[in-house]
Amino acid sequence: MRLRLIAKPFDDPDYIFELKHDGFRALAYIDAGECKLVSRNLNHFKSFESLKKSLDKLPVQNAILDGEIVCLDSQGVSQFNELFSRRGRPVFYAFDLLWLDGKDFRGLPFNERKQSLRELIKKSGCERLIYAQHIETEGIAFFEEICARDLEGIVCKKKLSIYKSSGTGWLKVKNANYSQSKGRHDLFKARGRETAQRLPRLRGQEVSEGVDGLVRIR
């Protein structure tokens, strides 16, 4: 599911509202004790090995979780620069469960998928796997509180929606005054120049490392 930007928050009893953490969106594929972290464009994250090893140990045969790789400070606030520079300790902030032990959950209502996700995370005891809390109905007041705390924004999701990989049914409302977004474009440009200088060419193809830590061959 992709996020579609909207201009203003809203109240609706058919929706739940989650905090939008500031990190790298990822799917966690866990199979036979091995975890792979994959971007929404199906590129593999080459870093975050310690996080993958923690997720390896989940008490499942196989599972697919949708979430965000983030670094949190002592107050539970996302610190993007810590994540971007690989200085912080990343965790996986999970907000959906797509597959568990051979069962496809994508056709189930979102609120049922979240309940199963919550039970899995509680059972796992994994301190680097965090359940995405939410509130119901009151998106406007929630967004106002998010802005007052200088957080990135909120995500709005229908309780009864099914999961579609290419769907745009999830909505995001961004805090226009979010302080951590300032200077980010320049940060990405600087990282891009650094990786272009140090990465090799492979049989005439350009090897590129994205600012999100993904390796691509063009």
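Residues numbered from 1 in each chain as written. Predicted model: local features only at pLDDT ≥ 70, side-chain atom pairs only at ≥ 80, totals over all residues. Heavy atoms only, no water.

1. With respect to the confidence of the model for the protein
- Confidence in the prediction of the protein, expressed as mean pLDDT, is 88, and 84% of residues score 70 or more.
- The model gives residues 205-209 a pLDDT under 50, and that stretch makes 24 contacts with residues more than four places away or in other chains. (pLDDT = per-residue confidence, 0-100. Contact = heavy atoms within 4.5 Å.)

2. Comments concerning helix 3 (residues 110-124)
- Helix length check: helix 3, at 15 residues, gives a terminal C-alpha distance of 21 Å against a target of 21 Å (1.5 Å per residue), a fit within 8%.
- Where helix 3 is concerned, the buried positions are Phe-110, Arg-113, Lys-114, Leu-117, Leu-120, Ile-121 and Ser-124. Seen along its axis, helix 3 keeps its buried residues to an arc of 120°; they face one direction. Seen from the buried face of helix 3, the exposed residues on the opposite side, beyond 90 degrees, are Lys-122 and Lys-123. (Helix = DSSP H or I, 4+ residues; strand = E, 2+ residues; numbered from the N terminus. Expected span 1.5 Å × (residues − 1). Buried < 20%, exposed > 50% of the residue type's maximum accessible area, 1.4 Å probe, protein only. Arc of directions from axis to C-beta.)

3. Considerations on the pattern of salt bridges
- Tallying each qualifying case throughout the model produces 11 salt bridges.
- Lys-114 serves as the salt-bridge partner of Glu-18, at 2.8 Å between the closest nitrogen and oxygen. Of this pair, Glu-18 sits in strand 2 (residues 11-20) while Lys-114 sits in helix 3, and the two are 96 residues apart along the sequence.
- The class for Lys-114 is buried, based on a relative accessible area of 1%.
- Within this structure, Glu-18, Lys-114 and Lys-157 form a network of salt bridges that share partners. (Salt bridge = Lys/Arg side-chain N within 4 Å of Asp/Glu carboxyl O.)

4. A closer look at the packing of aromatic side chains
- Counted according to the given criterion, the structure contains 12 aromatic pairs.
- Look at Phe-10 and Tyr-15: their rings are 5.0 Å apart centre to centre, the planes differ by 85°, and that puts the pair in the edge-to-face class. The exposure classification of Phe-10 matches that of Tyr-15, with both residues buried.
- Each ring, one from Phe-10 and one from Phe-17, has its centre 5.6 Å from the other, and the planes form 70°; the classification is edge-to-face.
- Overall, the relative accessible area of 19% leaves Phe-10 in the buried class.
- Chaining the aromatic ring pairs together yields one cluster made of Phe-24, Phe-45, Phe-48, Phe-80 and Phe-84.
- Just above the ring of Phe-105 sits the side chain of Lys-103; from NZ or CZ to the centre is 5.2 Å.
- Cation over ring: Lys-157 sits above Trp-170, and NZ or CZ is 3.8 Å from the ring centre. (Phe/Tyr/Trp six-rings, centres within 6.5 Å; stacked < 30°, edge-to-face > 60°. Lys NZ or Arg CZ within 6 Å of the ring centre and 35° of its normal.)

5. Considering the nonpolar core
- Counting residues in each nonpolar core, the largest one holds 30 residues, and the members touching the most others are Leu-37, Leu-55, Leu-65, Ile-69, Phe-92 and Leu-129.
- Within the second largest apolar cluster, 27 residues are counted, among which are Met-1, Phe-95, Leu-98 and Cys-156. (Core = buried A, V, L, I, M, F, W, Y, C linked by side-chain atoms within 4.5 Å.)

6. Examining the pairing of strand 11 (residues 170-174)
- Taken across its 5 residues, strand 11 has 4 buried, putting it largely inside the fold.
- Strand direction decides the pairing type here: strand 1 (residues 3-5) and strand 11, joined by 3 bridges, are parallel. Bridge assignment links Leu-3 to a residue of strand 11, and that residue is Trp-170.
- Here 4 bridges tie strand 10 (residues 153-158) to strand 11, and the two strands are oriented antiparallel to one another. Bridge pairing links Val-155 to Lys-172 in strand 11. (Pairing = 2+ DSSP bridges.)

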